[in-house]
Amino acid sequence: MNKKERLPRVAYLCMEYGLHEELPIYSGGLGVLAGDVIKCAGEKKFPMVGIGILWRQGYTTQKICSNGKPYDVFEDIDLSLLKETGVTVKVTVKNKEVVCKVWLLDRYGNAPLYLLDTHLPENGENMNITSRLYLGDDADRVAQEIVLGVGGIRALRALGIKVELYHFNEGHAVLGAVEIIREKMNQGLTFEEAWAETRNMVVFTTHTPVSAGNGSYSHETMYHMGGYNGLTYEQMSRIGGDPFSITVAGLRLSRRTNAVSKTHGETARKMWDHIKDGSPIISITNGVHRTTWQDSRIKEAHEKGKDLWAPHLEAKRELVSEIFKTNNVLFNPEALTIGFARRVTAYKRCELILGNPGELEPMLANGTLQLIFSGKFHPYDEYGRSVIPRIVDLSKKYPQGIVFLENYDIKLGKLLTRGCDVWLNTPRRPLEASGTSGMKAAMNGVLNLSILDGWWPEACRHGINGWQIGHGYEGCNQDEHDLSCLYQVLLNEVIPIYYNDRPKWVDMMRESINSSKWNFSSERMITDYYSRLYAEGEIEEENELPEIISEFCSCAQQG
Ligand SMILES: *Cc1c(COP(=O)(O)O)cnc(C)c1O
């Protein structure tokens with residue numbers, strides 16, 4: 001018997017999926033991870049089916065005026081990519097029946113992905129529940145979560161898909177477990193019995209220590225919108241607390257939870273230690289879909305032991321020509337190029353490297369150093385809105401040294417994580433849960449220069465496959481500390497090796513690919529899901545805290 005035939009069939013539920021730039025029903029890392037899971041499951045024949053939402057207007061297309069001011073555009077997505085299933089299901093929102101049409105997406109070699117859509121005339125104003133990802137107030141968000149969770153489970157039933165396990169990728173889908181409890185109570189089980197049985201069929205992935213990513217709703221909103229789904233206040237607060245936290249609910253409605261890197265596991269266990277009846281949190285580090293993210297020319301040169309610089313330079317030239325097309329500035333493909341593309345939000349510290357422009361100024365002016373920035377902010381985030389004009393201003397001062405590319409998406413992500421020389425990551429520890437863009441870069445021999453947070457402590461061998469910044473330091477003056485470490489590594493190691501020791505640079509590129517191509521691939525991650533997250537009974541504990549962190553932390557404390 002084929003080994004995979006014995007694997008449990010899993011329904012994977014997520015609010016967003018980033019499969020391809022032409023179908024922008026994702027906002028960032030969470031969606032791209034989910035897209036990579038569904039693509040890898042399709043390619044490697046893992047028994048999985050995805051459930052999500054068809055965001056009719058996607059997330060924001062974020063553009064920038066010539067004066068540096070960002071603005072949001074919402075465009076209708078292209079429906080020709082989807083197939084009709086002929087299936088609809090109903091959910092109740094604010095005492096009204098809402099019809100959800102179920103679409104099928106199977107065009108990226110992915111496992112079947114079913115997407116729910118409320119955009120039907122009979123839904124009246126509820127048509128817009130599935131218009132825009134992560135927008136609206138708490139009541140709107142609860143409505144979206146009812147469609148994903150309750151609608152998602154009902155869609156599986158209506159499609160006749162039998163699954164043994166439900167995997168909630170982030171807390172947005174937890175109302176799906178409430179629906180399974182309701183089903184079981186309808187069959188005569190008590191609440192306690194139904195909860196215990198449901199918990200045994202659910203696993204949960206938590207993705208961030210940042211509070212905005214761990215939403216909670218007042219019970220008034222939950223009740224009013226129909227989030228209770230037949231349960232009582234007492235029952236719902238036992239599940240999610242008061243206010244109703246979707247992460248707490250995820251912990252209490254699952255038999256096992258995973259964090260998305262070893263360091264994040266440490267952080268998440270501390271963070272949720274007070275939830276005594278939550279499921280145990282293990283670490284399964286994220287991975288990325290190689291076929292999507294690794295440049296085929298780099299892959300081939302690496303596998304055949306050929307020169308990596310030539311294909312690297314090709315990818316770099318493609319990035320340079322895209323920058324010329326979009327921003328009308330001509331970067332030099334021979335000059336050291338550092339990329340920084342992330343969600344524009346405070347903990348990512350987009351501006352850290354610019355903290356002391358005096359030090360970098362000569363290099364930005366004379367063409368030694370080129371910085372490429374990109375990233376979207378959430379349309380409600382005023383901090384994010386204020387950052388981009390400052391970077392755009394600096395890019396006007398150093399047109400050959402700094403550029404900001406608008407509307408960071410999968411297309412730009414691909415160009416950047418194969419076309420830069422260095423991938424910079426400077427989150428405030430310990431808030432980066434994973435940081436999958438660094439894995440994409442690593443697989444292309446784009447060298448990571450990163451704070452020891454998220455995935456990087458597991459991969460980093462300083463000076464061999466990339467560089468660490470800041471020795472894992474956490475505490476007062478973290479910004480100043482990390483900035484000074486960043487400049488030291490940049491000026492004393494990165495720049496001299498790039499310009500004076502190309503053979504060493506190319507060796508580092510090879511090491512970077514060697515150490516990431518399996519360890520940080522979606523295939524490794526899904527294999528771990530089946531053996532550690534989906535498995536029943538006890539699993540082996542592993543050494544959770546990467547050695548590099550304890551090593552560096554102790555020296556940071558001494559110094
Ligand atoms: C990979 C990716 C992300 C996530 O990367 P981080 O390192 O977590 O910032 C976000 N957006 C896009 C478009 C991506 O491709």
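Residues numbered from 1 in each chain as written. Predicted model: local features only at pLDDT ≥ 70, side-chain atom pairs only at ≥ 80, totals over all residues. Heavy atoms only, no water.

A word on the overall build of the protein
In step 1: When you go through the protein residue by residue, the secondary structure sums to 20 helices and 19 strands.
In step 2: With the C-alpha coordinates aligned to their principal axes, the bounding extent of the protein is approximately 75 × 50 × 50 Å.
In step 3: Out of the 559 residues in the protein, the part that is buried amounts to 60%.
In step 4: In the protein, the proportion of contacts linking residues at least 24 apart, taken out of those at least 6 apart, comes to 72%.
In step 5: Working note: accessible area of the protein is about 21,400 Å², and carbon and sulfur atoms make up 50% of it.
In step 6: Charged side chains of the protein number 62 positive and 71 negative; the gap between the two group centres comes to 4 Å. (Helix = DSSP H or I, 4+ residues; strand = E, 2+ residues; numbered from the N terminus. Buried < 20%, exposed > 50% of the residue type's maximum accessible area, 1.4 Å probe, protein only. Contact = heavy atoms within 4.5 Å. Areas by Shrake-Rupley, 256 points an atom, 1.4 Å probe, with all protein chains shown as cover. Lys, Arg positive; Asp, Glu negative; His and termini not counted. Charge placed at Lys NZ, Arg CZ, Asp CG, Glu CD.)

Observations concerning the site of the ligand
In step 1: Surveying the vicinity of the ligand reveals 13 residues, the closest of which are Trp293, Arg342, Gly435, Ser437 and Lys440.
In step 2: Interatomic distance of 3.0 Å between a side-chain N/O atom of Arg342 and an oxygen atom of the ligand.
In step 3: Side-chain polar atom of Lys348 to an oxygen atom of the ligand: 3.3 Å apart, as the coordinates give it.
In step 4: When the free accessible area of the ligand is taken as 390 Å², the share hidden by the protein chains comes to 94%. (Near = heavy atom within 4 Å. Polar contact = N/O pair within 3.5 Å; in protein donor to acceptor, adjacent residues only side chain to side chain.)

Some words on the sheet that holds strand 1 (residues 10-13)
In step 1: The nine strands lie next to each other as 5-6-7-2-1-8-9-12-13, forming an open sheet whose pairing is mixed. Two strands close off the open sheet at either side, each with one partner strand: strand 5 (83-93) and strand 13 (281-283). Put simply, the sheet's adjacent strands are angled 25 degrees from each other on average, direction ignored.
In step 2: Across four bridges, the pairing between strand 2 (residues 48-53) and strand 7 (residues 113-117) is parallel. Residue pairing across strands places Ile51 opposite Tyr114, the latter belonging to strand 7.
In step 3: In this fold helix 2 (residues 138-159) packs onto strand 1, strand 2, strand 5, strand 6 (96-105), strand 7 and strand 8 (165-169), with an angle of close to 130 degrees to the strand it touches most, strand 5. (Pairing = 2+ DSSP bridges. Axes fitted to C-alpha atoms, helices over the stretch in contact; angles between N-to-C directions.)

Section: the packing of helix 10 (residues 296-303) against helix 11 (residues 309-327)
In step 1: It is at 9 Å that the axes of helix 10 and helix 11 come closest, and there the two elements cross at 170 degrees. Judged on the interaxial angle alone, helix 11 and helix 10 are roughly antiparallel. In this structure, helix 10 uses Arg297, Ile298 and Ala301 to contact helix 11, whose residues at the interface are Pro311, His312, Glu314, Ala315 and Glu318.
In step 2: For the contact of helix 10 with helix 11, the class distribution of residues is four nonpolar, one polar and three charged. (Parallel < 35°, antiparallel > 145°, perpendicular 65-115°, else oblique. Nonpolar A, V, L, I, M, F, W, Y, C, P; charged D, E, K, R; others polar.)

Description of the pairing of strand 6
In step 1: Judged by how many residues are buried, strand 6 sits mostly within the fold: eight of ten residues are covered.
In step 2: Where strand 5 meets strand 6, nine bridges bridge the pair, whose relative direction is antiparallel. Pairing of Lys83 across the sheet is with Leu104, part of strand 6.
In step 3: Across five bridges, strand 6 lies against strand 7 in antiparallel orientation. Paired with Leu104 across the strands is Tyr114, a residue of strand 7.

Looking at the pattern of salt bridges
It is possible for side chains of opposite charge to pair when their charged atoms get near one another.
In step 1: This model, assessed by the stated rule, comprises 38 salt bridges.
In step 2: For the salt bridge of Glu43 with Lys44, the shortest nitrogen-to-oxygen distance reads 3.9 Å.
In step 3: One salt-bridge network, in which partners are shared between bridges, spans Asp295, Arg297, Glu314, Glu318 and Arg418. (Salt bridge = Lys/Arg side-chain N within 4 Å of Asp/Glu carboxyl O.)

Structural notes on the sheet that holds strand 15 (residues 369-374)
In step 1: An order of 16-15-14-17-18-19 is seen for the six strands of this open sheet, with the pairing classed as parallel. Both outer strands of the open sheet, strand 16 (402-405) and strand 19 (466-469), are each paired with one neighbouring strand and no more. Within the sheet, the average angular offset between the axes of one strand and its neighbour, ignoring direction, is 20 degrees.
In step 2: On the sheet, helix 13 (residues 382-397) packs against strand 15 and strand 16 and is oriented at approximately 140 degrees with respect to strand 16.

Remarks on the side chain of Lys440
In step 1: Turning to its location among the elements, Lys440 is positioned in helix 15 (residues 436-443).
In step 2: Although Lys440 is buried, it forms no salt bridge, and the closest oppositely charged side chain is Asp36 at an N-O distance of 6.0 Å.
In step 3: Excluding anything up to four places from it in sequence, Lys440 contacts Val32, Val288, Trp293 and Thr417.

Examining the state of the cysteines
In step 1: Applying the stated criterion across every chain yields a total of zero disulfides.
In step 2: Cys40 forms no disulfide, and the closest cysteine sulfur to it belongs to Cys14, at a distance of 16 Å.
In step 3: Among the cysteines around Cys65, which has no disulfide bond, Cys350 carries the closest sulfur, lying 19 Å off.
In step 4: Residue classification places Cys65 among the partly exposed residues on the basis of a relative accessible area of 32%. (Disulfide = S-S within 2.5 Å.)

Regarding the domain arrangement of the protein
In step 1: What the domain assignment reports for the protein is domain 1 (4-254) and domain 2 (290-520).
In step 2: Centre-to-centre, using C-alpha coordinates, domain 1 lies 33 Å away from domain 2.
In step 3: Opposite the 28 residues of domain 1 that make contact, domain 2 presents 26 residues.
In step 4: Both sides of the domain 1 and domain 2 interface together cover about 2,300 Å² of buried area, and 55% of this is carbon and sulfur.
In step 5: It is Glu21, Gln62 and Ile64 that lose the most area in domain 1 upon contact with domain 2, and together they represent 25% of the buried surface on that side.
In step 6: Between the two partners, domain 1 and domain 2, sit one salt bridge.
In step 7: Arg385 is the salt-bridge partner of Asp72, the closest N and O atoms lying 3.8 Å from each other.
In step 8: At the junction of domain 1 and domain 2, the tally comes to eleven residue pairs in polar contact (both at pLDDT 80 or more).
In step 9: Those elements giving two or more residues to the side of domain 1 that touches domain 2 turn out to be helix 1 (29-44), strand 3 (61-64) and strand 4 (70-73). (Domains from an automatic or database assignment. Buried area = accessible area lost by both parts, 1.4 Å probe.)

Things to note about the packing of aromatic side chains
In step 1: All told, the structure shown has 13 aromatic pairs when counted by the stated rule.
In step 2: Pairing Phe46 with Tyr530 gives two aromatic rings, centres 5.4 Å apart and planes at 15 degrees, and the pair type is stacked. Taken together, the residues span a long stretch of sequence, with Phe46 in the loop between helix 1 and strand 2 and Tyr530 in helix 19 (residues 522-533) at a distance of 484 residues. Both residues of the pair, Phe46 and Tyr530, belong to the buried class. (Phe/Tyr/Trp six-rings, centres within 6.5 Å; stacked < 30°, edge-to-face > 60°.)

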